[in-house]
Amino acid sequence: MDRAELIKALQTDVEIPEVVQDKAKAAFDKIRAAGGEEINRKEEHLKKESIKKEGRGTGTGTYQEYHGQLQKKNVKRKENSENMKKMRKKKLAKKKGFSAGKAAVLFLAAALACGSITTVAAYLRWSRSLEEGMQVTEEQKVQLEEEQAVAFAMQECTKQGVKITAEQSITDNYFSYIVFRVEGYELAKGTEPAFERMEVSVDGKDDFNYTASFYNGLVTGPDGKAANADGSPLEEDEYGNIGHIVMKDGSMEYVVMLHSDVRGYFVDKDIHVELHNLGTVAKAEYLGSAIEDTWTFDWNLKGKDSMEEYQMQELLGDSGATVKKVELSPVSVYVEYDFPRQTVTEEGINENGESISSDFFAEPPMFMGVKMKDGTLYPWLQNGGSMGYGDENTDTYLVNFALDRVIDLEQVESLLFQKEDVMGTPTEENFYVVPLP
Amino acid sequence: MDNLIRRAKQGNPDAFVALMQSQMQNMYKAAKAVLRNDEDVADAISDTILVCWEKLWQLKEEAYFRTWMTRILINKCHDILRKQKHISLLEEMPEIPSGERNYENIEWEEALASLGEKYRLVLMLYYVEGFKTGEIGEILGMPESTVRSRLARGRQQLAKEFA
C-alpha cells in the first residue's frame, strides 16, 4: 500500500460498531424525548435547551421561532387565580408611565408573594448582561433611558439565602430583554445553573414566546465566533465550558427574552414573573433542584416604539427574494420578503444506516446585520426571534430577530443579507448590501 | 447542511438528530484516531451529541459547525484519556480483534494504526475530514504553524513507511 492508497483507505466509509450506534441512539432518544416533552407539555418544567415553537416550525412550517441561545417558553395556560388577582389589583392601580405610587403598589404585591423583599436600590445600574453583552455605549444608555425604552425594576426577593433581583429590562415593539441578578447560589463545578420552571405573563396574558438563559460573558466576535465581552482571551475549562456565568462578585445574571409577533405587545405593559426551583443542568438534562422555592416579581416594562420603517423593492441578487419592508429598532429588526416557495430535499442517514430525506422550504438570504455610515460592519446581529412564511397561502416571508447589540439607528447606512457562507471576518462582498432609502 | 443546522438551532430535535447522524462517520473516524476502543469512542460520541444539543446556541455561524463539533469531540476524547490515564499506552495502536469486523473496517483500522500516534489526528483531520490547517489549529487548540509542521512530519513518516 502506498501513501495515496493509505489515504484512500482512510477515506473509505467504515461500518459504525454497534456499541457506538447504540449509545448514539440513546443520546438521540434523550434529545427527542426532551424536545417532545417541551413541545407537548404545558405543565412541566423548563429544560436548558432550545425547543421549537409548539404547532409551528416543522420542516415546511410557516412562522418559525428561532431561539438562538435561549430557551423555549413553557407557559402555563391555566389561570392561576392568585396571580390573576394580583394582576387585577395592579390594573386598578395602573396609570400611564411608572409613578412612585404605582411602584409602591407593585412592590407591595411582590412583597406579599415573595415574603422577603428587602430594599429598593437607590440608583439605576445597568446589568452586566445588557451593558456588556449588548455592547451599549454611554450615549446609547442615556438615549434609551430618556426614551424610557429601559425600565429598572430593582425588586429583590430572597428565599433560602438566594437573593434574586429583577434588575432591568429593555423593551421595543416585538421584544423585551429582562435581567435578573442571582446572588447567594454556589454553582457546582462543571455545571450550568437553571431554573426548573418559569412562568411569565404580560398584562395577564401569556400568548407570546419567551426564552431564557444565564449570561455567560460571551458575545459574537468580528469573525462570527464566540468572544469574551470583556476582551479577555477565550479559554475553555476542563468541562468544555468557554463562558463565565459566575461573575467576580459571585453573582450571576439570568436573561429572559420575550418575543411577540404583535407589534407593541410589550410596550408599557405590566409583567409578572415567577422563577421556580434553582438547580443545575448538564447534557440536556435537568439535574435537580438545589433550592426548591419560588421567586416572584411584578413591574411595568415601560418600553419604546422606536422603530424606523422602510418600504423598498430590493431584489437580492439571483436568489429570487425581494425585500419589501424593514422595521429597525435599536434592539430588533423585522423584514418582509417576497420569496416564492421552493421545496428543498435534504438527505441523511439514520442510526440504522438507512438513507432518509426530509423536505422543507428554502430560505431567502437571511438578514445578518448592518453597515454603519463610518463603514463598520456588524454582520452577526441575529439573536433569536422568528422566521418563516406569514401563512400557508402567501409568498411573503417574515423575519423578526432580536439584535445581539444595541445599534444607533441614525448611523445605519445599509442592511446586510447573507449571500454565501463566511469563514473568518466577512467583507461586504459576502453579503447583499441593501442601502436604506 | 446549513438548513439542518439552522433548524436545529431553532430547537428542532429531529433536525438536530438528522444533522448529527450525517456526521457519524466523521465523528467515529476522528474519535478513533484518539481512542483505542469502541466503548470509549461510543462514550465520546454520545457525550458530544448531548453537549452539541445543549450548546448549539453558542454557534453563531453555521459554517463553523463541523469545526466546533469536532473540537468538542476531540476534547471529550481527551477527557476520557485523562480519566483512564491510558495516555502512555497509546503510543502504539492495540491489536484489533478481527473476528467481528468486516474487511473494510479491518483495512481502515490497519491504515489508521500505520499512522504515528503523534501525527495521526492531524493527518486524519486533514486528509480524511477535509479540514484546513487553520481549522485544525482551532480544533486542537494549537497554532496553525504547529499543524503545518506536524502535517509535514506526518507526510515524511508516511513517505518513509511506504517508500
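Each value, and the rule that gives it
For every chain, the first residue of its written sequence is number 1, and the numbers climb from 1 along that sequence. By the order in which they are written, chains take letters starting at A while ligands take numbers starting at 1. Residues qualify for local features only when their pLDDT is at least 70, as the model is predicted, and side-chain atom pairs are given and counted only at 80 or more; totals for whole chains, interfaces and linings, by contrast, use all residues. Only DSSP runs of H or I reaching four residues or more are called helices, and only runs of E reaching two or more are called strands; each is numbered from the N terminus. Residue burial is a threshold on neighbouring C-beta atoms within 10 Å of the residue's own C-beta, all placed from the backbone, with 20 or more meaning buried, 12 or fewer meaning exposed, and counts in between meaning partly exposed. Residues are defined as contacting one another if the C-beta atoms placed from their backbone atoms lie within 7 Å. Each residue after the first adds 1.5 Å to the expected span of a helix. Throughout this description, the term nonpolar core refers to a group of buried Ala, Val, Leu, Ile, Met, Phe, Trp, Tyr and Cys residues whose C-beta atoms join them within 7 Å. Note that the domain bounds reflect an automated or database-derived domain assignment. A score between 0 and 100, pLDDT records how confident the predictor is in each residue. Any two strands with at least two DSSP bridges between them are considered paired. Between N-to-C directions, angles span 0 to 180 degrees; the directions come from axes that are lines fitted to C-alpha atoms, helices contributing only their stretch in contact. Angles are sorted into four bins: roughly parallel if under 35 degrees, roughly antiparallel if over 145, roughly perpendicular if 65 to 115, and oblique for all others. Crossing handedness follows the turn of the near helix against the far one: under a right angle anticlockwise gives a left-handed crossing, and clockwise gives a right-handed one. Put simply, Ala, Val, Leu, Ile, Met, Phe, Trp, Tyr, Cys and Pro go in the nonpolar bin, Asp, Glu, Lys and Arg in the charged bin, and everything else, Gly too, in the polar bin.

1. Details of the overall build of chain B
In step 1: Tallying secondary structure elements over chain B gives nine helices and zero strands in all.
In step 2: Going residue by residue from the N terminus, the α and β elements of chain B occur as α-α-α-α-α-α-α-α-α.
In step 3: Looking at the 163 residues of chain B, the share that counts as buried comes to 52%.
In step 4: Looking at chain B alone, contacts between residues at least 24 apart form 60% of all its contacts between residues at least 6 apart.

2. Observations regarding the overall build of chain A
In step 1: A tally of regular secondary structure across chain A gives six helices and 23 strands.
In step 2: Relative to its full complement of 437 residues, chain A shows a buried share of 45%.
In step 3: For chain A, the proportion of contacts with a sequence separation of at least 24, taken over those separated by at least 6, is 65%.

3. Notes on helix α4 (residues 38-55) of chain B
In step 1: If you check α4(B), its first and last C-alpha atoms are 25 Å apart, about what 18 residues at 1.5 Å a residue would give, namely 26 Å.
In step 2: A large share of α4(B) lies buried, amounting to 16 of its 18 residues.

4. Description of the nonpolar core
In step 1: The biggest cluster of nonpolar side chains holds 85 residues, and the ones touching the most others in it are A:Leu258 and A:Phe417.
In step 2: Inspection of this core shows a minimum of three residues originating in each of domain 1 (64-300) and domain 2 (308-435) of chain A.
In step 3: Excluding anything up to four places from it in sequence, A:Phe417 contacts A:Leu316, A:Pro365, A:Met366, A:Phe367, A:Met368, A:Phe431, A:Tyr432 and A:Val434.
In step 4: B:Val17, B:Tyr28, B:Ala31 and B:Ala44 belong to the second-largest nonpolar core, a separate cluster that totals 63 residues.

5. So, the confidence of the model for chain B
In step 1: Residues at a pLDDT of 70 or more form 84% of chain B, whose mean pLDDT is 78.
In step 2: In the model, residues 86-96 of chain B has pLDDT below 50 throughout and makes eleven contacts with residues more than four positions away in sequence or in other chains.

6. A short note on the sheet that holds strand β18 (residues 367-372) of chain A
Residues and elements named next belong to chain A.
In step 1: Pairing is antiparallel across the open sheet formed by four strands, whose spatial order is β19-β18-β22-β23. Every other strand in the sheet has two partners, leaving β19 (377-378) and β23 (431-435) as the edge strands with one partner each.
In step 2: Two elements, strand β22 (residues 412-418) and β23, share five bridges in a ladder whose sense is antiparallel. Across the sheet, the residue bridging to Leu415 is Val434, located in β23.

7. Focus: unusual backbone geometry
Residues and elements named next belong to chain A.
In step 1: Here Gln160, not a glycine, exhibits a phi torsion of approximately 50°, which is positive.
In step 2: Inspection of the secondary structure assignment puts Gln160 in the loop between β3 (155-159) and β4 (162-171).
In step 3: In this structure Gln160 comes out as exposed when scored by C-beta crowding, with 12 C-beta atoms within 10 Å.
In step 4: For Asp268, which is not glycine, the phi torsion reads 60° and is therefore positive.
In step 5: Tracing the backbone through its elements, the reader meets Asp268 in the loop between β10 (252-259) and β11 (270-282).
In step 6: Given 19 C-beta atoms within 10 Å, Asp268 falls into the partly exposed group.

8. Quick notes on the packing of helix α3 (residues 24-32) of chain B against α4(B)
Residue and element names in this part refer to chain B.
In step 1: Two numbers describe how α3 lies on α4: the axes approach to 10 Å, and their chain directions differ by 130°. Judged by the inter-axis angle, α3 sits oblique to α4. The chirality of how α3 crosses α4 is right-handed. Note on element contacts: α4 touches α3 through Val41, Ala44, Ile45 and Thr48, opposite Met27, Tyr28, Ala31 and Lys32.
In step 2: Broken down by class, the residue content of the contact of α3 with α4 amounts to six nonpolar, one polar and one charged.

9. Here we look at the pairing of β10(A)
Where a strand is regular, its side chains alternate between the two sheet faces.
In step 1: Counting buried residues in β10(A) gives eight out of eight residues, a clear majority hidden from the surface.
In step 2: Side chains A:Met252, A:Tyr254, A:Val256 and A:Leu258 project from β10(A) onto one buried face, and the interleaved A:Glu253, A:Val255, A:Met257 and A:His259 project onto a second face that is buried too.

10. Here's the deal with the environment of A:Phe152
All names here are of chain A.
In step 1: Inspection of the secondary structure puts Phe152 in the loop between β2 (150-151) and β3.
In step 2: Separated by 17 residues in the primary sequence, Phe152 and Ser169 place their C-alpha atoms 6.5 Å from one another.
In step 3: Setting aside its immediate chain neighbours within four residues, Phe152 contacts Leu124, Glu167 and Gln168.

11. Some words on the packing of helix α1 (residues 2-9) of chain B against helix α2 (residues 13-21) of chain B
Residue and element names in this part refer to chain B.
In step 1: The contact between α1 and α2 brings their axes to 7 Å, and the two run at 140°. By the angle class used here, α1 and α2 are oblique. Seen from above, α1 lies across α2 with left-handed handedness. Between α1 and α2, the contacting residues are Leu4, Ile5, Arg7 and Ala8 on the first element and Ala15, Phe16, Ala18 and Leu19 on the second.
In step 2: A class-by-class count of the residues in the contact of α1 with α2 yields seven nonpolar, no polar and one charged.

12. Some details on the environment of A:Thr427
Residue and element names in this part refer to chain A.
In step 1: Within the secondary structure, Thr427 is located in the loop between β22 and β23.
In step 2: Its 10 C-beta neighbours within 10 Å are what place Thr427 among the exposed residues.
In step 3: Measuring from C-alpha to C-alpha, the distance between Thr427 and Pro379 comes to 8.9 Å, with 48 residues separating the pair along the chain.

13. Observations regarding the confidence of the model for chain A
As a note on interpretation, predicted positions should not be read in detail where pLDDT is low.
Residue and element names in this part refer to chain A.
In step 1: With 73% of its residues at a pLDDT of 70 or more, chain A has an overall mean of 76.
In step 2: Put simply, helix α3 (residues 81-93) is where chain A has its lowest mean pLDDT, 31, and strand β14 (residues 322-328) is where it has its highest, 96.
In step 3: When the criterion is pLDDT under 50, residues 37-113 qualifies, and its contacts beyond four places in sequence or with other chains add up to 167 contacts.
In step 4: Low confidence marks residues 116-122, where pLDDT is under 50. Its contacts with residues over four positions away, or in another chain, come to 15 contacts.

14. What to know about the pairing of β4(A)
Residue and element names in this part refer to chain A.
In step 1: Most of β4 is tucked away, with eight of its ten residues classed as buried.
In step 2: In this structure, β2 lies alongside β4, joined through two bridges in antiparallel fashion. By the bridge assignment, Ala151 is partnered in β4 with Ser169.
In step 3: Where β3 and β4 come together, five bridges link them in antiparallel fashion. Each residue of the ladder has a partner; that of Glu156, found in β4, is Thr165.
In step 4: Two successive antiparallel strands, β3 and β4, enclose a turn made up of two residues, where Gln160 displays a positive phi of approximately 50°.
In step 5: Note that β4 and strand β5 (residues 175-183) share eight bridges and pair antiparallel. Residue pairing in the sheet places Ile164 in a bridge with Val182 of β5.
In step 6: In this antiparallel pair of consecutive strands, β4 and β5, the connection spans three residues.

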